[in-house]
Amino acid sequence: MEKLLTRLWGDISGLPESKKIALMYWTVAIVLFGAQLLFGVIAAYQYINPDFLYTVMPFNITRMLHINAMVVWLIMGFIGGIYWLLPDETGRDVVGAKLGRIGFYLLTGAVGIVVLVYILVQMGKGNFFTMWFINEGREYVEAPRWADLGIVAVMGIIYYNVLATVLKARKITGLLGVLLIDLIALAGLYIAGMFFTPNITVDQFFWWWVVHLWVEATWEVLVGVLMGWALMHVLGTPRKIIEGWLYLEVLLVFGTGILGLGHHYYWIGTPEYWLGIGGFFSSLEPLPLVAMIVHAVYDAGVHKLQAVNRPALFFIFLQAFGNFFGAGVWGFMHTLPQINLYSHGTQLAPSHGHLAFFGAYVATNLVLMYIALQYIRAPQGPILDSKLWRIAYVGMIVTMVGMVGALLVAGFAQTFFERAVGGATWQDYIVTQMHPWVKIPMYWRLGFGILFFLFYFVLVYDMLTIGRKAEATEVKPA
């Protein structure tokens, strides 16, 4: 593993064990990022031509692989960020590094086995064996029960690493305090998805705690911690600015997150007042993180925006605006009760989801990885920069906006023809799928998806090469 990491990232001989574990997680994360895009492109084509690979890997399987690969690579990227952050925040290396490595191998092995089962076995009878070893059958959280328990166990290992390191160092910061609290919620909320009840309303009630709160609340707070550290590293933002906004984010995310679930609750048989409550509170969650980054950039601008890591700086910008528009504006746009009554379940949802995940989470992981690349390859300078990351950066943004726009048009058409003009029946759904305003955007979505996949390879090549042959230059304002 050490030789592989050295070949991919550079000389890691002097790195603390915690940072080496981070690189292990990030290496697998980038590979899974590619897998997510590959299965996404296949699923996009199958949406147009359902016969493609139907007997081998039908749409419901490729879609499941696309979404689960996304969830796993993002969480592995965040875990890598935790391990990379730890030595800098505590002033010492991780306690229990061997256990941390075991956790990595457990999670990576479990992911590999689950993917093989998805591809080769795919599904089984609706019994306990299938639930434990093949597929739980729940949308977005399809992993078999043994893998669910493994994820919680790995989160327990990470929590031990962080807590033991903090206690050993006898040092606690605002970032570390929030991280320790959030890691408990990260493991605890995932357990909510393991309950089973024959009552579909109760079952969906707990299911949403994972799909919404686990991803949108605990992830959002974790991203706040990681981005706060990144801002201090890249822009030299004062800690008091970071921690002030981070505390407000914790208050809003956990204070409004449960109420924000209401825009989902209405559709599983709960009272209708949840629709209005959820539509309002769910829109508040991303605001503090956006404000923290804007404040940090403003503070850095006062000091002439000194930054030696260009790609990290620009992915920070992407994170702020992508999170604001994707999670905030796009989410608020179709969760308002008056709109959601017609738009629920249309392509407006994946339009929002693509932009939100790309802006809030993908950009965060790329910021952290480029920070690591500079630390390893150019710790004393020069400015970390290249042409390739710019090509990948612009290309991924343009193609993502293209996919989001295509899904948005299709969602508007569905809302009008299927819901408003029709009557939200199955017949209206089938007829609307054949309408040009729904069908043509799916071709655009496929085209932009293929281009995004190509820019992914440009990004990966840049990460493999940037900073390796750099010559020392004067650090200039970005």
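Residues numbered from 1 in each chain as written. Predicted model: local features only at pLDDT ≥ 70, side-chain atom pairs only at ≥ 80, totals over all residues. Heavy atoms only, no water.

Draft legend 1. Structural context of the overall build of the protein chain. Within the protein chain, the secondary structure is distributed over 18 helices and zero strands. The C-alpha atoms of the protein chain give 22 Å as radius of gyration, which agrees with the globular expectation for 478 residues (23 Å, within 12%). Counting only residues that meet the buried cut, the protein chain has 56% of its 478 residues in that class. Taking as baseline every contact in the protein chain between residues at least 6 positions apart, the subset at least 24 positions apart corresponds to 80%. Carbon and sulfur atoms make up 71% of the accessible area of the protein chain, which totals about 20,600 Å². Taking the 27 positively charged and 26 negatively charged side chains of the protein chain as two groups, their mean positions are separated by 10 Å. (Helix = DSSP H or I, 4+ residues; strand = E, 2+ residues; numbered from the N terminus. Rg over C-alpha atoms; globule rule 2.2 N^0.38 Å. Buried < 20%, exposed > 50% of the residue type's maximum accessible area, 1.4 Å probe, protein only. Contact = heavy atoms within 4.5 Å. Areas by Shrake-Rupley, 256 points an atom, 1.4 Å probe, with all protein chains shown as cover. Lys, Arg positive; Asp, Glu negative; His and termini not counted. Charge placed at Lys NZ, Arg CZ, Asp CG, Glu CD.)

Draft legend 2. Here's a closer look at the confidence of the model for the protein chain. On average, the protein chain scores 87 in pLDDT, and the residues at 70 or more come to 93%. In this model, residues 471-478 is a region of pLDDT below 50 whose contacts with residues beyond four sequence positions or in other chains number 20 contacts. (pLDDT = per-residue confidence, 0-100.)

Draft legend 3. The arrangement of the environment of Phe455 in detail. Along the chain, Phe455 falls in helix α18 (residues 436-465). Looking at Phe455, the relative accessible area reads 22%, which means it is partly exposed. Between the C-alpha atom of Phe455 and that of Trp389, which follows or precedes it by 66 residues, the distance is 9.5 Å. Ignoring anything within four residues of it in the chain, the contact list for Phe455 reads Ile391, Ala392, Gly395, Met396 and Thr399.

Draft legend 4. Focus on the side chain of Gln414. For Gln414, the location among the structural elements is in helix α16 (residues 388-421). Take Gln414: its relative accessible area is 2%, and that puts it in the buried class. Here Gln347 takes part through its backbone nitrogen, which lies 2.8 Å from a polar atom of the side chain of Gln414. The contact partners of Gln414, leaving out residues within four places of it in the chain, are Thr346, Gln347, Arg419, Tyr429, Thr432, Gln433 and Val438. (Polar contact = N/O pair within 3.5 Å; in protein donor to acceptor, adjacent residues only side chain to side chain.)

Draft legend 5. Region of interest: the nonpolar core. Within the largest apolar cluster, 125 residues are counted, with the highest numbers of intra-cluster contacts made by Leu23, Trp84, Trp219 and Tyr370. The dominant element in this core, judged by the number of residues it contributes, is helix α8 (residues 200-235), at 21 residues. In this view, Trp84 contacts Leu15, Ser18, Lys19, Ala22, Leu23, Trp26, Trp229, Ile371, Ala372, Tyr375 and Ile376; residues no more than four positions away in its chain are not counted. One finds Met57, Leu65, Tyr118 and Ala143 within the second-largest nonpolar core, a separate group that totals ten residues. (Core = buried A, V, L, I, M, F, W, Y, C linked by side-chain atoms within 4.5 Å.)

Draft legend 6. Inspection of the side chain of Thr130 at higher detail. Assignment of secondary structure puts Thr130 in helix α5 (residues 128-133). When sequence neighbours within four positions are dropped, the list of residues in contact with Thr130 reads Gly124, Lys125 and Asn135.

Draft legend 7. Region of interest: a nonpolar patch on the surface. On the surface, Phe128, Phe129, Trp132, Phe133 and Leu149 cluster together into a nonpolar patch covering about 550 Å² of accessible area. Residue contributions to the nonpolar patch peak at four residues, all from α5. Looking at the secondary structure, you find Phe128 in helix α5. Look at Phe128 and you get exposed, because its relative accessible area is 59%. (Patch = residues over 30% accessible without salt bridge, like charges linked within 9 Å, V, L, I, M, F, W, Y side chains within 5 Å. Salt bridge = Lys/Arg side-chain N within 4 Å of Asp/Glu carboxyl O.)

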